[in-house]
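# Tertiary structure, described
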Amino acid sequence: MSLPDPDVMALLARVYGTNNTFFDDDGNYCHRVPTTFTKEDHQRLKAAGMVPNTFVRWAHDEVIQKLRKAAKAVDLRRAADAFVASLGSADVAWLAVLPAAVLGRAMPIHKEDPMGGGHCRVCFFEDDAIDATCTTYLNHVQGGGWGQAQPMEGVVALERALDQKAAEWPKPTPRDVWVFHQVLDLLRRLPPASRYSHARTALHKAKLLSASSPYRCESVLEALAFISVLETPEHPGLLTRFTTAVERDQRPTIRVEVPAPLAWWSAKDGVRKEHVEELFGHLERPKKEPAATPAPPPAKRRKTASAATPASAKPKSLPGPPTPGSVYSIQFREDLWGAAYCHQVRTDGPSGTLRGRMEFLDLLSPTPPTAEQVVGLPFRDRLNGERWQTWCASLEKTTGVKRIAVDVPAPAHRQPTPSRIPVGGAKELKHLAGWNFKEV
């Protein structure tokens, strides 16, 4: 589970960092691979073992057996080292190994017991295939995915870690250990009534973690709760005792998004010193702040038409506010464009927001459409045959929406203007196109 090639991660971001999803004939939730990928791009992903839409599906008992076996094979001290290293010097994916191992060691052998939604009430197993590449990609980006919501994810995380030789598992630097204890000290200093959201905000503002986004901070807090560093007597973590999916799914209110025990923890519950000592006591805390290791200079590489910079023509946007008769190109994804026609412009008061009444033209193109291409095109109705329009703001400043033609005559339509027209932003044209084009 070494840090992936940046080119591989850039390619995967073009697959998984978008909303371009569909269900295949087997009901699998797939992500579209852009047609702009070259043969070399596909070979690079295959060589890295990161081919998109690689689905695995195991029965409940097999998942539990795999999880328990993999967890038993993990050295918890080595996993604790990797956990601390993931806060700074190592790939964030290593964060998941320790909580996954704790889950697997605590997990009892049991029969599947489905509850509402199809999840097992003991372990959260769901009889569904998961995309192992997507799980691994998100693990490298966010640090989550240790099996808290689906034990198959824990199996994937542990097996990828165990594929690495013991010498390749990361060791924390003195600064990593210092950061770990700074995180714990920050949690101890919070006002007693502080809940997880306050802890997340404080951790984010402290900028102690590498890649310190709010989601990343929340993942670290969830992991600490999962391994019983943050817990309450009524809602313990899994190092204290095994808790079922039903127990972990309990929350104080429906507004709380994180599971137990973090959902119930507040700063008055403190940090469980005995569990910190049990898991991380072998790591000597530095007496003073170690100097941060300078980041290596980015490697200079020749810019090619692959990875994060696919070669494609970009339409030039005609400047100015929307006007009746304007046509805008809309980039649905990196290899698919459409177009929308502006019928009318209005100014909404008191905000003064300028909106255009937009309607899709009957066009899908693998390249950006041109002004000549859109003249004479008919409108595109919704898939159910109904005519549809929307009032859009920010047409002149929305990424992926560009005016390519003006003073275009409106195509004729057999249906009248819709009696009810929704109001929104230009960015919604990208998301709503699926109601008009099944290819989107």
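Structure shown above.
Residues numbered from 1 in each chain as written. Predicted model: local features only at pLDDT ≥ 70, side-chain atom pairs only at ≥ 80, totals over all residues. Heavy atoms only, no water.

### Some details on the nonpolar core
Selection rule: Remark: nonpolar core denotes a set of buried residues (Ala, Val, Leu, Ile, Met, Phe, Trp, Tyr, Cys) joined through side-chain atoms within 4.5 Å. Classification of residues uses two cut-offs on accessible area relative to the type maximum, computed with a 1.4 Å probe and protein chains only: under 20% is buried, over 50% is exposed, and between them is partly exposed. Only DSSP runs of H or I with at least four residues qualify as helices, and only runs of E with at least two residues qualify as strands; both kinds are numbered from the N terminus onward. Contacts were defined at the residue level, with two residues in contact if any of their heavy atoms lie within 4.5 Å.
By size, the foremost hydrophobic cluster in this structure holds 77 residues, and its most contacted members are L187, L230 and F280. Mapped onto this core, the elements with two or more residues apiece are helix 3 (60–73), helix 4 (76–85), helix 5 (97–106), helix 7 (151–162), helix 8 (174–189), helix 9 (196–206), helix 10 (214–226) and helix 12 (273–280). Looking at this core, the element that brings in the most residues is helix 8, giving eight residues. L187 has contacts with A199, L221, L224, L230, W265, A267 and V271, leaving out every residue within four places of it along the chain. Ranked by size, the runner-up nonpolar core spans 16 residues in total, among them A340, C342, W388 and A433.

### Points about helix 3
Note the threshold: Helix span is expected to be 1.5 Å times the residue number reduced by one. What the arc measures is the spread of directions leading from the helix axis to the C-beta atoms.
Helix length check: helix 3, at 14 residues, gives a terminal C-alpha distance of 20 Å against a target of 20 Å (1.5 Å per residue), a fit within 8%. By the burial criterion, the buried members of helix 3 are H60, V63, I64, L67, A70 and A71. What you see down the axis of helix 3 is that its buried residues fit within an arc of 140°, all on one side. Of the residues in helix 3, the exposed ones pointing more than 90 degrees away from the buried face are D61, Q65, K69, K72 and A73. Residues of helix 3 that are buried in the fold lie against helix 5 and helix 7.

### Some thoughts on the pairing of strand 9 (residues 401–405)
Rules: Strands are treated as partners if at least two bridges between them are detected by DSSP.
Most of strand 9 sits inside the fold, with four of its five residues counted as buried. Pairing geometry for strand 5 (residues 327–333) and strand 9, over four bridges, is antiparallel. The partner of Y328 across the bridge, within strand 9, is R403.

### Side note on the sheet that holds strand 10 (residues 423–425)
Quick note on the threshold: For helices, the fitted line uses only the C-alpha atoms of the stretch in contact; every axis is such a line through C-alpha atoms, and the angle between N-to-C directions lies from 0 to 180 degrees.
Spatially, the six strands line up as an open sheet ordered 9-5-6-7-8-10, and their pairing is mixed. Looking at the sheet topology across the chains shown, the edges are occupied by strand 9 and strand 10. Here the average twist between neighbouring strands, direction ignored, is 45°.

### Observations concerning the environment of C342
For C342, the position within the fold is in strand 6 (residues 336–348). Along the sequence, C342 and R403 sit 61 residues apart, while their C-alpha atoms lie 10.0 Å from each other. For C342, the residues in contact, after removing those within four places along its chain, are T323, P324, G325, S326, Y328, G356, R357 and M358.

### Quick look at the packing of aromatic side chains
Between two aromatic rings, the relevant description is the distance of the centres plus the angle of the planes. Rule in force here: The rule is short: rings of Phe, Tyr and Trp, with Trp giving its six-membered ring, pair when the centres are within 6.5 Å, and they are stacked under 30 degrees, edge-to-face over 60, tilted in between.
Taken as a whole and judged by the stated rule, the model has eleven aromatic pairs. With a centroid separation of 6.3 Å and an interplanar angle of 45°, the aromatic rings of F332 and F437 are classed as tilted. Placement of the pair is F332 in strand 5 and F437 in the segment after helix 14 (428–432), with a sequence separation of 105 residues. F437 carries the same exposure label as F332, and that label is buried. Summarising the aromatic geometry, the rings of F360 and W388 are spaced 5.8 Å apart at their centres and angled 20° between planes, so their arrangement reads as stacked. One end of the pair, F360, is in strand 7 (residues 353–360); the other, W388, is in the loop between helix 13 (371–374) and strand 8 (390–393), and 28 residues separate them in sequence. W388 carries the same exposure label as F360, and that label is buried. These aromatic residues form a ring-pair network of at least three members: F332, F360, W388 and F437.

### Considerations on helix 6 (residues 132–142)
Convention followed: Residues adjacent in sequence count toward polar contacts only when both atoms are side-chain atoms; beyond that, a polar contact is any pair of N or O atoms within 3.5 Å, and within protein one must be able to donate a hydrogen and the other to accept it.
The element helix 6 is extensively covered by neighbouring structure, given that eight of its eleven residues are classed as buried. Within helix 6 the residues assigned to the buried category are A132, T133, C134, T135, T136, Y137, N139 and H140. Residues of helix 6 that are buried in the fold lie against helix 1 (6–16), strand 2 (29–31), strand 3 (55–56), strand 4 (130–131) and helix 7. Between a side-chain oxygen at the N-terminus of helix 6 and the backbone nitrogen of T133 the separation is 3.1 Å; the capping residue is D131. The first or second residue beyond helix 6 is G143, which carries a positive phi of 85°.

### Describing the pattern of salt bridges
The condition that has to hold: The rule for a salt bridge is simple: a side-chain nitrogen of Lys or Arg has to be within 4 Å of a carboxyl oxygen of Asp or Glu.
The tally for this structure, following the rule as stated, stands at 20 salt bridges. Residue D81 is joined to K171 by a salt bridge in which the shortest nitrogen-to-oxygen separation is 3.4 Å. Here K171 lies in the loop between helix 7 and helix 8 and D81 lies in helix 4, a separation of 90 residues in the sequence. Between E218 and R200 there is a salt bridge whose closest N-O contact spans 2.5 Å. With E218 in helix 10 and R200 in helix 9, this residue pair connects regions lying 18 residues apart in the sequence.

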